[in-house]
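Structural description and commentary
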Amino acid sequence: MKFNLSEKGLKISPSVTLEITAKAKSMKAKGIDVISFGAGEPDFNTPENIRKEGIRAIEEGYTKYTPASGINELKEAVCKKFKEDNKLEYTPENIVISSGAKHSIYNALMAILNPGDEVIIGVPYWVSYPELIKIAGGNPVFIHTKEEHDFKFTVDDLEKVRTENTKAIILNSPSNPTGSIYYKEELEKIADWAVENKIFVISDEIYEKLVYDGEHVSIASINEDIKNLTIVINGMSKAYSMPGWRIGYLAAHKDIAKVISNIQSHTTSNPCSISQYASVVGLNGDQSAVYEMKEQFEKRRDYMVDTINSIKGLSCRKPKGAFYIMVNISQLKGTVVKGNTINGSLDLAKVLLDEGQVAVIPGIGFGDDNYIRLSYATSMENIEKGLRRIKDILE
Ligand SMILES: Cc1ncc(COP(=O)(O)O)c(C=O)c1O
């Protein structure tokens, strides 16, 4: 049957990351011992104080609709977090709580884009950015960054692709998939450029708590002008290991936040009430679990970087944040591995899964076929075993 579906919907590609992890999960369900480096979520349980608050919220009946943009207690907790962590002063009218950071980015794009508006993103990018921009009626514009520049773009790069239709850029520091972070001096230059050209900045800071070298700086904290143009995105999924609870939030100028809140009120209404109460405890309560997770991630990162660089045909830089490593596979292109010619990242991902039962994410999903992405959101035992399998297959 041939359906007459929306052109907008048909332009949207499925998420490569979710596809590979689904295949790995179905192999696991069949009893195959798959090691997955595909995870986009921490492998730790949600901290106990947060879980308990979720149970309390259910038992005490906090199970009704809340205001569309979120409960005031959570907005206050978010403002406190911005002040303490990012030196950013906001009040609840600047804050919109949504069903995950992805939803916050979607809302932000829906609020600022008109048909044909362009949004600049760096390649490699997080898989959802181009698709979210298209859903909101905009056109993604790509800057191909270089590994030797730590996969970051500069004002010169931005200026080369700027047109009269440029409406926004998306900054992602620390980055998924590269783990790169932008330093204050770099952000200052980007901020001046954005203010001069009146371009919005969507600053996705979801991996803020996972910075191992250097410190996280929010571009919005540089001055009042860039703060007014910036929509800061953050959420509970990564820092508090709460991906399934679906709570993200954003901070923006109150006029922008109002539009976003209106959009949300007619689409999803409020984010899950129970998760909102649990998130208040997450943000206001004891933060030791956040630091313990970070410590584990850092140990795994160090081990993985050293091991990957010792495997023939692979190389990587040391990422400064998040929990991903972009592994350069360009030396393997054109070679034959276990009878399969490797023409790109999909071929390699397929061989590693079929022959070694190791799941990795092909870089093509992030716009660069010379890489695969390995996540270290999995146990040290799995990391050791998985990397041994990759070494055996490639050598
Ligand atoms: C860069 C980036 N932004 C946003 C998100 C979405 O997070 P959430 O689970 O809060 O929607 C992710 C999740 O993988 C991410 O990697």
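Residues numbered from 1 in each chain as written. Predicted model: local features only at pLDDT ≥ 70, side-chain atom pairs only at ≥ 80, totals over all residues. Heavy atoms only, no water.

1. Remarks on the pairing of strand β8 (residues 248–251)
The criterion, for reference: Exposure classes here rest on a 1.4 Å probe applied to the protein chains alone. A residue is buried below 20% of its type maximum, exposed above 50%, and partly exposed in between. Think of it this way: any DSSP run of H or I at least four residues long counts as a helix, any run of E at least two long counts as a strand, and we number them from the N terminus. Strands were regarded as paired on the criterion that DSSP finds at least two bridges between them.
Of the two faces of β8, the one lined by Gly248 and Leu250 and the one lined by Tyr249 and Ala251 are each fully buried. Relative to β8, strand β2 (residues 95–98) runs antiparallel, the two sharing four bridges. In the sheet register, Ser98 faces β8, and the bridge partner there is Gly248. In the sheet, strand β7 (residues 230–235) pairs with β8 via four bridges, with the strands oriented antiparallel. Bridge pairing in β8 places Val232 opposite Ala251.

2. As for the nonpolar core
The cut-off we apply is this: By nonpolar core we mean a set of buried residues, namely Ala, Val, Leu, Ile, Met, Phe, Trp, Tyr and Cys, connected to one another through side-chain atoms within 4.5 Å. By definition in these notes, contact holds between two residues if any of their heavy atoms fall within 4.5 Å.
The biggest cluster of nonpolar side chains holds 97 residues, and the ones touching the most others in it are Phe37, Ile169, Leu374 and Ile390. In this view, Ile169 contacts Val119, Ile120, Phe153, Leu158, Ile190, Trp193, Ile199, Phe200, Val201 and Ile202; residues no more than four positions away in its chain are not counted.

3. As for the sheet that holds strand β15 (residues 371–375)
Strand order in the open sheet formed by four strands is β9-β10-β15-β14, and the pairing between neighbours is antiparallel. If you trace the sheet from one side to the other, it starts and ends with β9 (315–316) and β14 (361–362), each paired once. Judged from the two bridges that link them, β9 and strand β10 (residues 324–328) form a sheet pairing that is antiparallel. Among the inter-strand pairings, Ser315 is bridged to a residue of β10, identified as Asn328.

4. Observations regarding the side chain of Lys238
Going by this rule: Under the convention used here, Asp and Glu are negative, Lys and Arg are positive, and both His and the chain ends fall outside the count. The salt bridge definition used is simple: a Lys or Arg side-chain nitrogen within 4 Å of an Asp or Glu carboxyl oxygen.
Inspection of the secondary structure puts Lys238 in the loop between β7 and β8. Buried and unpaired, Lys238 has Glu41 as its nearest opposite-charge partner, separated by 7.3 Å.

5. Points about the packing of aromatic side chains
What counts is decided by this rule: Only Phe, Tyr and Trp rings are paired, with Trp represented by its six-membered ring, and only when their centres lie within 6.5 Å; those with planes under 30 degrees apart are stacked, over 60 edge-to-face, the remainder tilted.
On inspection of all chains with the given rule, the structure shows 13 aromatic pairs. Ring centres of Phe82 and Tyr90 lie 5.3 Å apart, and the angle between their planes is 70°; this geometry places the pair in the edge-to-face category. Each member of the pair Phe82 and Tyr90 is classed as buried. Ring geometry for Phe323 against Tyr324: centres 4.8 Å apart, planes inclined by 50°, an arrangement best described as tilted. Of the residues examined, Phe323 reaches a relative accessible area of 0% and is grouped as buried. Its relative accessible area of 1% is what places Tyr324 among the buried residues.

6. Examining the site of the ligand
So the rule is basically this: A single heavy atom is enough: if one lies within 4 Å of a molecule or strand, its residue is considered near that molecule or strand. Whenever two N or O atoms come within 3.5 Å, that pair is a polar contact, provided that in protein one can donate a hydrogen and the other can accept it, and provided that, for residues adjacent in sequence, both atoms are side-chain atoms. Reported accessibility uses the Shrake-Rupley method at a 1.4 Å probe radius. Residues are deemed covered only where the shown protein chains occlude them. Think of it as three bins: nonpolar holds Ala, Val, Leu, Ile, Met, Phe, Trp, Tyr, Cys and Pro, charged holds Asp, Glu, Lys and Arg, and polar takes everything else, Gly as well.
Lining the immediate surroundings of the ligand are 13 residues, of which Ala101, Asn176, Asp204, Tyr207 and Lys238 lie closest. Asn176 has a polar side-chain atom sitting 2.7 Å from an oxygen atom of the ligand. Note that a nitrogen atom of the ligand is positioned 2.6 Å from one of the side-chain N or O atoms of Asp204. In isolation the ligand offers 400 Å² of accessible surface; the protein chains occlude 92% of this area. Taken together, the residues of the shell around the ligand sort by class into five nonpolar, four polar and four charged.

7. Brief notes about the pairing of strand β3 (residues 118–123)
Condition: By convention, orient the strands away from the viewer: a clockwise path from the first strand over the helix to the second makes the crossover right-handed.
The element β3 is largely enclosed, with a buried count of six among its six residues. A two-sided burial pattern is seen for β3, the buried positions comprising Glu118, Ile120 and Gly122 on one face and Val119, Ile121 and Val123 on the other. For β3 and strand β4 (residues 139–144), the ladder comprises six bridges, and the chain directions are parallel. Bridging from a neighbouring strand, Val123 pairs with His144 of β4. For the segment spanning β3, helix α6 (residues 128–135) and β4, crossover handedness is right-handed. As paired strands, β3 and strand β5 (residues 166–172) are joined by three bridges and run parallel to one another. What sits directly across from Glu118, in β5, is Thr166.

8. Some thoughts on helix α8 (residues 184–196)
In an α-helix, one full turn covers 3.6 residues, which means residues spaced three or four apart are oriented alike. To keep it simple, the criterion reads: Expected helix span is computed as 1.5 Å times (number of residues minus one). Note that the arc is defined by the directions from the helix axis to the C-beta atoms.
Counted at 1.5 Å a residue, the expected span for α8 with its 13 residues is 18 Å, and the 18 Å between its end C-alpha atoms agrees. Within the sequence span of α8, burial applies to Leu187, Ile190, Ala191, Trp193 and Ala194. Buried residues along α8 cover an arc of 165° about the axis, so they all sit on one side. Counted as exposed and oriented over 90 degrees from the buried face of α8: Glu185, Lys189 and Glu196. In this fold, the buried residues of α8 make contact with β3, α7 (155–161), β5, β6 (200–204) and α9 (224–229). At the C-terminal side of α8, Lys198 shows a positive phi close to 50°.

9. Some thoughts on helix α3 (residues 48–59)
Taking 1.5 Å of rise per residue, twelve residues should cover 16 Å, and α3 covers 17 Å from first to last C-alpha, within 8% of that figure. Restricting attention to buried positions, one finds in α3 the residues Ile50, Glu53, Gly54 and Ala57. An end-on view of α3 places all buried positions within 105° of arc, on one side of the element. Every exposed residue of α3 that faces more than 90 degrees away from the buried side is listed here: Lys52 and Glu59.

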